[in-house]
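The primary structure of each chain is shown beneath.
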Amino acid sequence: MTRASGTRVSVNTVKILFDTRAAAQLRFRRNCTGSPRCVISPADALLHELLHARKMLLEPDRFIAQGGMGGVLYPYIHEADVISAENALYAAMVKTDGLERPQRPRHKHIGKMLRASCAVCIN
Ligand SMILES: [Zn+2]
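In short, a report on the structure. (Residues numbered from 1 in each chain as written. Predicted model: local features only at pLDDT ≥ 70, side-chain atom pairs only at ≥ 80, totals over all residues. Heavy atoms only, no water.)

### Quick notes on the coordination of the zinc ion
Bound to the zinc ion on the protein side are His48 (NE2), His52 (NE2), Glu79 (OE) and Glu79 (OE), at distances that span 2.0 to 2.6 Å. In this structure, the zinc ion is coordinated by four donor atoms arranged in irregular fashion, with angles at the metal of 52 to 147°. Counting gaps between the donor residues of the zinc ion yields the pattern H-x3-H-x26-E. Of this pair, His52 sits in helix α1 (residues 42-58) while Glu79 sits in helix α3 (residues 76-97), placing them 27 residues apart in sequence. Of the two residues, His52 and Glu79, neither departs from the other in class, the shared state being buried. (Donors = N, O, S within 2.8 Å, 3.2 Å for Na, K, Ca; no water. Tetrahedral: all angles 85-135°; square planar, octahedral: opposite > 155°, others 65-115°. Helix = DSSP H or I, 4+ residues; strand = E, 2+ residues; numbered from the N terminus. Buried < 20%, exposed > 50% of the residue type's maximum accessible area, 1.4 Å probe, protein only.)

The following block contains the structure:
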């Protein structure tokens, strides 16, 4: 989880809460349990959170316009932007290391936390 702190019109700091043993299932199709096409490791989950932090800190006006500092509604458009960046990053990583990772629709931000045996493990 990534939290921005500041005012309604500025982002001052960002805090990332990260568990080195928390994997996440992002896709829920048949045969997804334990599949690298559906589950991300804690390390890859941290990359998702870093993408949040990057957008919050480097594009604060956009983040604020998306309701990021309002605290009333969940900033769905910001999350969708992060998922788009995540899909691009994970696709580039798959080309580099050959390890499958989930690709998910921009509007599907739900995930189920799973216990992982190491920071780069999916189970
Ligand atoms: Zn997110």
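Alright, that's what it looks like, and here's the rest.
### Concerning the pattern of salt bridges
On inspection of all chains with the given rule, the structure shows nine salt bridges. As a salt-bridge pair, Arg106 and Asp81 come within 3.6 Å of each other at their nearest N and O atoms. On the criterion of sequence distance, the pair formed by Arg106 in the loop between α3 and β5 (112-115) and Asp81 in helix α3 is long-range, its members being 25 residues apart. Its relative accessible area of 41% is what places Arg106 among the partly exposed residues. Since its relative accessible area comes to 10%, Asp81 is described here as buried. Close ionic contact of Glu86 with Arg104 constitutes a salt bridge, the shortest N to O distance being 2.8 Å. You can see Glu86 sitting in helix α3 and its partner Arg104 sitting in the loop between α3 and β5, a full 18 residues away along the chain. Look at Glu86 and you get buried, because its relative accessible area is 0%. One continuous salt-bridge network, built from bridges that share partners, spans Lys55, Glu59, Arg62, Asp81 and Arg106. (Salt bridge = Lys/Arg side-chain N within 4 Å of Asp/Glu carboxyl O.)

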